[in-house]
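A closer look at the structure
The lines below spell out each chain.
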Amino acid sequence: MESDHNKRLETAITRELQKLPALIAPDALVSRVMAVLAERALLPWYRRSWQAWPVALKIASLAVMLALFGGLCFAGWKFAQAQSLAAQIQKIGEWFSAAGVVWNTLSVLAGALVLFVKQLGAAILIASLLVAVFSYAACIGLGTLFIRHAFVGRQENQL
């Protein structure tokens, strides 16, 4: 049922589109497009897209690219067997082990903090957070007061 409806809709749309007149491009647009196409035709082969190159040059460039890729693969294989690579991998392993030590230390400290909060209770934690928030607000308020006082004194001196 759905397929039949789609086919009828497609034929109706096709019939309506075929009734429309052909569109004609403005003369200015036609001349600009033709000028661009003429410029592209005059470009040398190396400035064109790879698909527009002569066949012999396509084959030669493909051979060069394959040779470069093969050389890169061979160099990577040789580099992987080098002794310097083993030393670099050992250094990276040392960095990860140091990061592991830091992670273990932080997890132990976090566990100690959780145990501390459990022992003291949530009331102490809430009180500490309230003290921190009010201290922050006091610092902002006093800083604003001092800045306004400094600028008011400066404006009075200028008058």
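Everything discussed here concerns the structure shown above.
On a predicted model such as this, the values are computed, not experimentally measured, just so you know. (Residues numbered from 1 in each chain as written. Predicted model: local features only at pLDDT ≥ 70, side-chain atom pairs only at ≥ 80, totals over all residues. Heavy atoms only, no water.)

1. Thoughts on the overall build of the protein chain
In plain terms, the rule: Segments assigned H or I by DSSP are reported as helices when at least four residues long, segments assigned E as strands when at least two residues long, and all are numbered from the N terminus. With the radius of gyration taken over C-alpha atoms, the globule rule is written as 2.2 Å times the number of residues to the power 0.38.
A count of helical and extended segments in the protein chain gives five helices and zero strands. Taken from N to C terminus, the helices and strands of the protein chain fall in the order α-α-α-α-α. Taken over the C-alpha trace, the protein chain has a radius of gyration of 38 Å; the compact-globule value for 159 residues is 15 Å, which it surpasses by more than 25%. Principal-axis analysis of the C-alpha atoms places the extent of the protein chain at approximately 80 × 70 × 65 Å.

2. Some words on a nonpolar patch on the surface
For clarity, the threshold we go by: Patches were defined on residues exceeding 30% relative accessible area and lacking a salt bridge, with like-charge contacts within 9 Å and nonpolar side-chain contacts (Val, Leu, Ile, Met, Phe, Trp, Tyr) within 5 Å. Surface accessibility in these figures is a Shrake-Rupley result with a 1.4 Å probe; residues are shielded only by whichever protein chains are displayed. Salt bridges, as used here, are contacts in which a Lys or Arg side-chain nitrogen is within 4 Å of a carboxyl oxygen on Asp or Glu.
Taken together, the side chains of L29, V30, V33, M34 and L37 define a hydrophobic patch exposed on the protein surface, amounting to about 410 Å² of accessible area. As for its position among the elements, V30 is in helix α2 (residues 27-42).

3. Some details on the packing of aromatic side chains
To keep it simple, the criterion reads: Aromatic pairs are defined between Phe, Tyr and Trp rings, using the six-membered ring for Trp, whenever the two ring centres lie within 6.5 Å; interplanar angles under 30 degrees are classed as stacked, those over 60 as edge-to-face, and all others as tilted. For the exposure calls, accessible area comes from a 1.4 Å probe over protein chains only, and a residue counts as buried if that area is under 20% of its type's maximum, exposed if over 50%, partly exposed in between. Only when the NZ of Lys or the CZ of Arg is both within 6 Å of the ring centre and within 35 degrees of the ring normal is a charge said to sit over the ring.
Applying the stated criterion across every chain, the model contains three aromatic pairs. Ring centres of W45 and W53 lie 5.2 Å apart, and the angle between their planes is 85°; on these two criteria the pair is classed as edge-to-face. Residues F74 and W77 carry aromatic rings whose centres are separated by 5.7 Å and whose planes lie at 50° to one another, so their mutual orientation is tilted. Taken together, the residues span about one helical turn, with F74 and W77 both in helix α3 (residues 55-80) at a distance of three residues. Assessed through its relative accessible area of 46%, W77 is described here as partly exposed. Above the ring of W50, the side-chain terminus of K58 is found at 5.8 Å from the ring centroid.

4. Points about the pattern of salt bridges
Per the stated rule, a full pass over the model turns up two salt bridges. Across the salt bridge formed by D4 and R8, the nearest N and O atoms sit 3.7 Å from each other. Placement of the pair is D4 and R8 together in helix α1 (residues 2-19), with a separation of four residues, close to one helical turn. Using a relative accessible area of 45% as the deciding quantity, one classes D4 as partly exposed. When its relative accessible area of 49% is taken as the criterion, R8 is described as partly exposed.

5. Digging into the environment of W53
Under the convention used in this document: Should any heavy atoms of two residues lie within 4.5 Å, those residues are counted as being in contact. Each polar contact in these results corresponds to two N or O atoms within 3.5 Å; when the atoms are within protein, one needs to be able to donate a hydrogen and the other to accept it, and residues that are neighboring in sequence are counted only if both atoms are side-chain atoms.
Structurally, W53 is set in the loop between α2 and α3. The sequence separation of W53 and A80 amounts to 27 residues, and the corresponding C-alpha distance is 38 Å. Every residue in contact with W53, bar those within four places of it in the chain, is listed here: W45, Y46, R48, K58 and S61. There is a polar contact of 2.9 Å between the side chain of W53 and the backbone oxygen of W45.

Shape is all these values report; function is a separate question.
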